[in-house]
Amino acid sequence: MKTGSIRKTLYKMAWDTRCRNVDVARILRPFIDRETTVLDAGCGEYGLSAFVDAKSVVGVDVIPTDAKVEGFTFIHGSITSLPFAERSFSIAASVDVLEHLPEAIRPEAIRQLVKVADETIIITFPFGRQAREIDESFNMELTATNQPIPAWVSEHLANQYPDAASVSAEIEAESKKLGRKVRTSIFYSENLAVAKYLRWSAARSRYLYLFVNIASGFLLPILPGATKDNAYRAIILAEFYND
């Protein structure tokens, strides 16, 4: 197997990347066919391109990637200033980006997604008190054992965690400004018990974490699901419609 294929397989199966994308891909499945175009704002390495079977996926991120996937095009840029015309994509997605942004610029990120989406928007992010507490505990454990703090942890804790109802309301408000009608739904992803176990393993051994990360990714279909009361992450689905 080529190195690129191994890298993509690990991305698809490891818990830390799989749990962020697999539920988003499942929710989007009814909205995707071979003519669907997807914008993945804040895509990271492969983003949704490894999980959805769309005509094309355009990824935008401030950090370049050299990942090569058929149907995936990477553009260096920011979610707060997307270089696309209105309604350029069937679907506009943002997976685990809002929590990295200061609260003052989150509305602009949502505004940009509303602008470029023609049919559907999907936004997912760690939400609320429960998610913050688990990340705070992880940060304290790493600090107590003199281990480096991952950049994503510091960025999460530098800002308030997004609120699902507020994000839905922001999407609705921005859509109304453009004269568009939208309905939003809220889903949940990543059971907190599993998230805690992953952080527990990461705080003890890099190798233990690698094992648990891969094993949890493979076992994801049979692991406990997430509800509003036990989820780390919220998923907002917004569907535009005409009367």
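Heads up: these notes are all about the structure in this document.

Calculation criteria
- Residues numbered from 1 in each chain as written.
- Predicted model: local features only at pLDDT ≥ 70, side-chain atom pairs only at ≥ 80, totals over all residues.
- Heavy atoms only, no water.
- Axes fitted to C-alpha atoms, helices over the stretch in contact; angles between N-to-C directions.
- Helix = DSSP H or I, 4+ residues; strand = E, 2+ residues; numbered from the N terminus.
- Parallel < 35°, antiparallel > 145°, perpendicular 65-115°, else oblique.
- Left-handed = near helix turned anticlockwise from the far one by under 90°.
- Contact = heavy atoms within 4.5 Å.
- Nonpolar A, V, L, I, M, F, W, Y, C, P; charged D, E, K, R; others polar.
- Buried < 20%, exposed > 50% of the residue type's maximum accessible area, 1.4 Å probe, protein only.
- Salt bridge = Lys/Arg side-chain N within 4 Å of Asp/Glu carboxyl O.
- Core = buried A, V, L, I, M, F, W, Y, C linked by side-chain atoms within 4.5 Å.
- Expected span 1.5 Å × (residues − 1).
- Polar contact = N/O pair within 3.5 Å; in protein donor to acceptor, adjacent residues only side chain to side chain.

### Some thoughts on the packing of helix α3 (residues 106-116) against helix α6 (residues 164-177)
For the pair α3 and α6, the least separation of the axes is 9 Å and the interaxial angle reads 55°. Put simply, α3 runs oblique to α6. α6 is crossed by α3, and the crossing has right-handed handedness. Of α6, the residues touching α3 (which contributes Pro107, Ile110, Arg111 and Val114) are Val167, Glu170, Ile171, Glu174, Ser175 and Lys177. For the contact of α3 with α6, the per-class residue count stands at five nonpolar, one polar and four charged.

### Re unusual backbone geometry
At Arg87, a position not held by glycine, the phi torsion is positive, near 55°. Within the element layout of this structure, Arg87 appears in the loop between β3 (72-76) and β4 (89-95). Its relative accessible area of 45% is what places Arg87 among the partly exposed residues.

### Quick word on the pattern of salt bridges
Per the counting criterion, the structure on display carries 16 salt bridges. For Asp96, the salt bridge is made with Arg20, and the minimal N-O distance between the two is 4.0 Å. Here Arg20 lies in helix α2 (residues 15-28) and Asp96 lies in the loop between β4 and α3, a separation of 76 residues in the sequence. Using a relative accessible area of 11% as the deciding quantity, one classes Asp96 as buried. Owing to a relative accessible area of 27%, Arg20 belongs among the partly exposed residues under this scheme. Between Arg34 and Asp53 there is a salt bridge whose closest N-O contact spans 2.2 Å.

### Some points on the nonpolar core
Among the nonpolar cores identified, the biggest contains 32 residues, and Ile121, Ile123, Phe125 and Ile171 are the most heavily contacted of them. Mapped onto this core, the elements with two or more residues apiece are β1 (37-41), β2 (56-61), β4, α3, β5 (117-126), α6, β6 (181-191) and β7 (231-241). Dropping the residues within four chain positions of it, Ile171 is found in contact with Ile110, Val114, Ile121, Ile123, Val182, Thr184, Ile236 and Ala238.

### Here's the deal with helix α7 (residues 192-204)
Between its terminal C-alpha atoms α7 stretches 19 Å, which fits the 18 Å expected from 13 residues at 1.5 Å a residue. Considered for burial, the residues of α7 that qualify are Leu192, Val194, Ala195, Leu198, Arg199, Ser201, Ala202 and Ala203. In this structure, the buried residues of α7 make contact with α2, α4 (128-144), α5 (151-157), β6, α8 (206-219) and β7. Measuring from the backbone nitrogen of Ala193 back to the side-chain oxygen at the start of α7 gives 2.8 Å, which picks out Asn191 as the cap.

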